[in-house]
Amino acid sequence: MRTLEFDNGDRLPALGLGTWQAAPGEVYQAVKTAIQLGYRHIDCAFIYGNEAEIGRALAESISEGLVSREQLWITSKLWNNCHAPEHVRPALEKTLASLQLEYLDLYLIHWPVALKHDVMVPRTADQMVSLEVQPLAATWQAMEGLADAGLCRHIGVSNFSVAKLQALLEGARRKPEMNQIELHPYLQQPAMLEFCRAHKVHLTAYSPLGSPQRPAGLRAEDEPILLQDTTVAAIAEQRGATPAQALIAWALQRGTAVIPKSVNPGRLAQNLAAAEVTLSAEDMEQLAGLDRQRRYVSGAFWAVEGSTYSLESLWDA
Ligand code: A2P
């Protein structure tokens, strides 16, 4: 298994398990099965609403001797309604309690978007807080405090543009060590890869299979289906792999971490086995040609009318 190395020598197993939309009722078994199969990196978030169930699976797997805490890499994310510095530590403590852990390996600011504390998902502009009023730099200082306190070993961000990452790096006492973003052959983000390589920030690819399970409200009518792409299918067939495995192998070979979500035992095993798939330079070149800047998770839900947020301000594009 490939690993990504951090400045302090810690190593993140590059292939992990995504848990967005892994419903309570199925995610417990999925995490237990994943750990039995050999997954050691589990990606979580408060807003996924399933951390308590994941926590039960982690605690049981550890107490049964399947795995030790030190062998696991657990990531979670700060929700947008806890950006005010005084809410950051309580948010992590809640996540730790749900996950039944004493520390996280990695804690991320989930989105560069702030919400009022009693709001989970905004419907109106007055439920949002602008980044002028609640600056990301202030949230970041509180994140640095969590790492100082040993509540998480590493801190980073998610859904940050190069411009926002750059701004954060300039004022940071501890640098963001990870940016978790949507990455797949239809959204390759080469400038982000280059920037992160130059500044030693790791990347994690979310929705690596094109997020086929997204709720209807997050879908566009004309969208291309990544898992049905003919180039991906042809390369997969040549390598004796499935299209999903080819997509995961592509992400690994670009030097990123990747977190395909599954709750199905067969697909969990299949996805983990993608770590053994090798794509040739020619395969990688052909896949590079598929880029079409297609975001499946567009962030449109933050562009609430009358707020300071828009797709342009979110992605700085
Ligand atoms: P399931 O959980 O039933 O396996 P992404 O990580 O891009 O968001 O994609 C996750 C979606 O892709 C889920 O709907 C998941 O369904 C499905 N999926 C996961 N692994 C595979 C696979 N190997 N082949 C096809 N679909 C998969």
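Here we summarise the structure given alongside this text. Throughout this document, residue positions are counted from 1 along each chain, in the order its sequence is written. Local features are withheld for residues below a pLDDT of 70 in this predicted model, meaning they are given only at 70 or higher, and side-chain atom pairs are given and counted only at 80 or more; totals for whole chains, interfaces and linings count all residues. Processing note: side-chain calculations cover all non-hydrogen atoms of the structure and skip hydrogens and water entirely.

## Brief notes about the overall build of the protein
- The number of helices and strands found in the protein is 11 helices and 12 strands.
- We take the radius of gyration over the C-alpha atoms and set the globule estimate at 2.2 Å times the residue count to the 0.38 power. For 317 residues, the compact-globule estimate of 2.2 N^0.38 gives 20 Å, and the C-alpha radius of gyration of the protein, at 19 Å, lies within 12% of that figure.
- Its C-alpha atoms put the protein at 55 × 45 × 40 Å along the principal axes.
- The rule is simple: take the accessible area with a 1.4 Å probe, protein chains only, and divide by the maximum for that residue type; under 20% is buried, over 50% is exposed, in between is partly exposed. Looking at the 317 residues of the protein, the share that counts as buried comes to 55%.
- When the accessible surface of the protein is split by element, carbon and sulfur atoms take 50% of a total near 13,500 Å².
- Distance from the positive charge centre (27 side chains) to the negative charge centre (36 side chains) of the protein: 2 Å. Where helices and strands are cited, they refer to DSSP runs of H or I of at least four residues and of E of at least two residues respectively, numbered from the N terminus. Using a 1.4 Å probe, the Shrake-Rupley method yields the accessible areas, and only the shown protein chains count as cover for residues. By the counting scheme adopted, Arg and Lys are positive, Glu and Asp are negative, and His together with the chain ends is not counted. Where a charge sits is defined by one atom per residue type, namely NZ (Lys), CZ (Arg), CG (Asp) or CD (Glu).

## Quick notes on the sheet that holds strand β11 (residues 202-206)
- Two strands make a pair as long as DSSP finds a minimum of two bridges between them. Here we have eight strands laid out as an open sheet, ordered β3-β4-β5-β6-β9-β10-β11-β12, and parallel in their pairing. The sheet terminates laterally at β3 (17-18) and β12 (257-258), the two strands that pair on one side only.
- Bridging between strand β9 (residues 152-158) and strand β10 (residues 178-182) involves two bridges; their strand directions are parallel. Bridge pairing links Val157 to Asn179 in β10.

## Focus: the packing of helix α8 (residues 243-253) against helix α9 (residues 265-273)
- Working convention: axes come from line fits to C-alpha atoms, limited for helices to the stretch in contact. Angles between N-to-C directions cover 0 to 180 degrees. In the contact formed by α8 and α9, the axes pass within 8 Å of each other and the chain directions differ by 40°. One finds that α8 runs oblique with respect to α9. The handedness of the crossing between α8 and α9 comes out as right-handed. Taken together, the residues of α9 that come into contact with α8 (itself represented by Ala244, Gln245 and Ile248) are Gln270, Asn271 and Ala273.
- Residue composition of the contact of α8 with α9, by class: three nonpolar, three polar and no charged. Orientation is classified from the angle alone, with under 35 degrees giving roughly parallel, over 145 giving roughly antiparallel, 65 to 115 giving roughly perpendicular, and any other angle giving oblique. Crossing handedness: left-handed means the near helix sits turned counterclockwise from the far one by under a right angle, and right-handed means the same turn made clockwise. By definition in these notes, contact holds between two residues if any of their heavy atoms fall within 4.5 Å. The residue classification treats Ala, Val, Leu, Ile, Met, Phe, Trp, Tyr, Cys and Pro as nonpolar and Asp, Glu, Lys and Arg as charged. All others, Gly included, are polar.

## Concerning the environment of Pro185
- With respect to the element layout, Pro185 can be found in the loop between β10 and α6 (190-198).
- A sequence separation of 24 residues divides Pro185 from Leu209, and the C-alpha atoms of the two residues are 9.3 Å apart.
- Excluding its chain neighbours within four sequence positions, the residues that come into contact with Pro185 are Leu226, Leu247, Trp250, Leu287, Leu290, Asp291 and Arg292.

## Considering unusual backbone geometry
- Of note in this structure, Gln293 is not a glycine but carries a positive phi near 50°.
- Structurally, the position occupied by Gln293 is in the loop between α10 (281-288) and α11 (311-315).
- Overall, Gln293 belongs to the exposed group, its relative accessible area being 63%.
- A positive phi angle, near 50°, is found at Asp316, a position not held by glycine.

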